[in-house]
Amino acid sequence: DSLDLSGTFSGAKLQMGTTAGRRISGRFQLRDVLGSPSGTLSMRADSVLVAGVRLDSASGWMQLAGQAKTTFGVVAHSRNGAVARVSGSALNTMAVGESGREITQLAVDTLALEVGKNRWRLVSPARLTRDSTGLGVQSLELTNSAGGKLSVRGAAPMNAPVSLELRGDSVPLN
């Protein structure tokens, strides 16, 4: 026996903490929800406020392949014309050994930012790891056509000082 779900959703004037959206809509088609869920979810939001950043719109999709693997994509448009695109996959595993903690490994395959005339792209896939102890960034490096570079690596543990390295070279400030 399995439980399959499909449908659409919509909402208006939604708020959760400091995140808000004027209009949100989407659709989903999920199979074996209580066992090994698989299927798709897509959504769109208009006039969104996320972490203090005001967006004109954002849309995204997720493809579930069992309890452990998800692929995703998100596109966000700001009111001033800036655009951000990200896609990748997430893999959930249980750590072997005494800790037995759940680990999510995030692979960001595509990351693109368009701000004015600046076009930033991910140099190579980035790897991030999240577990109950915090977040780790193995390497995330962006470059633009004018030779600019931005990179981030390090760790943000839950109960210890953050150790992140942020580097920039030839980054336009206008």
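Counting of residues starts from 1 at the beginning of each chain's written sequence and follows it residue by residue. Totals for whole chains, interfaces and linings use all residues, but because this is a predicted model, local features are given only for residues with pLDDT of at least 70 and pairs of side-chain atoms are given and counted only at 80 or more. With hydrogens and water set aside, each side-chain value is computed from the structure's full complement of heavy atoms.

Visitor: Looking at this structure, how should I read the overall build of the protein?
Guide: Secondary structure is summarised from DSSP: a helix means a run of H or I of at least four residues, a strand means a run of E of at least two, and numbering begins at the N terminus for each. Along the protein, the regular secondary structure elements total 0 helices and 12 strands. Helices and strands appear in the protein in the N-to-C order β-β-β-β-β-β-β-β-β-β-β-β. Counting only C-alpha atoms, the protein reaches 60 × 45 × 30 Å along its principal axes. Relative accessible area decides the class of each residue, using a 1.4 Å probe on protein chains only: under 20% of the type maximum gives buried, over 50% gives exposed, and in between gives partly exposed. Counting over 174 residues, the protein shows a buried share of 28%. Contacts between residues were defined by any pair of non-hydrogen atoms, one from each residue, lying within 4.5 Å. Considering only contacts in the protein between residues 6 or more positions apart, those separated by 24 or more positions represent 27%. Per-residue and other accessible areas were derived by the Shrake-Rupley procedure at a 1.4 Å probe size, with only the shown protein chains allowed to occlude residues. With the model as given, the accessible surface of the protein reaches about 11400 Å², and the carbon-plus-sulfur share is 56%. Here the protein contributes 19 positively and 13 negatively charged side chains, and the mean placements of these two sets differ by 11 Å. The charged-residue count follows a simple rule in which Lys and Arg add positive charge and Asp and Glu add negative charge, with His and chain termini not counted at all. By convention, the charge on Lys lies at NZ, on Arg at CZ, on Asp at CG and on Glu at CD.

Visitor: Would you take a moment to explain the nonpolar core for this structure?
Guide: Across soluble globular proteins, nonpolar side chains have a tendency to be buried as a group. V108, L111, W120, L122, A126, L128, V137, L140 and L142 together form the largest nonpolar core, which totals 9 residues. Looking at which element gives the most residues to this core, the answer is strand β10 (residues 134-144), with 3 residues. The residues contacting L140, other than those within four sequence positions of it, are L111, L122, A126, L150, S151 and V152. By size, the runner-up hydrophobic cluster in this structure holds 6 residues, among which are I24, V48, L55 and A58. Definition of nonpolar core: a set of buried residues of the types Ala, Val, Leu, Ile, Met, Phe, Trp, Tyr and Cys, connected through side-chain atoms within 4.5 Å.

Visitor: Which parts of the structure should I look at to understand the pairing of strand β5 (residues 69-78)?
Guide: On a regular strand, each side chain points to the face opposite its neighbour's, so the side chains alternate between the two faces of the sheet. Relative to β5, strand β4 (residues 53-65) runs antiparallel, the two sharing 10 bridges. For Q63, the partnering residue across the bridge sits in β5 and is T71. Two strands qualify as a pair provided DSSP detects at least 2 bridges between them.

Visitor: Even after reading the chapter, I still don't get the packing of aromatic side chains, so can you show me in this structure?
Guide: Remark: the centre distance and the inter-plane angle together describe each pair of aromatic rings, the angle taken between the planes. Pairing of aromatic rings covers Phe, Tyr and the six-membered ring of Trp, with a centre-to-centre limit of 6.5 Å; geometry is then stacked below 30 degrees between planes, edge-to-face above 60, and tilted otherwise. Going through the model one piece at a time under the given rule, you end up with 1 aromatic pair. Ring centres of F9 and F28 lie 6.4 Å apart, and the angle between their planes is 25 degrees; this geometry places the pair in the stacked category. Placement of F9 in strand β1 (residues 5-16) and of F28 in strand β2 (residues 19-31) is noted, with a sequence separation of 19 residues between them.

These results come straight from atomic positions and should not be treated as a statement about function.
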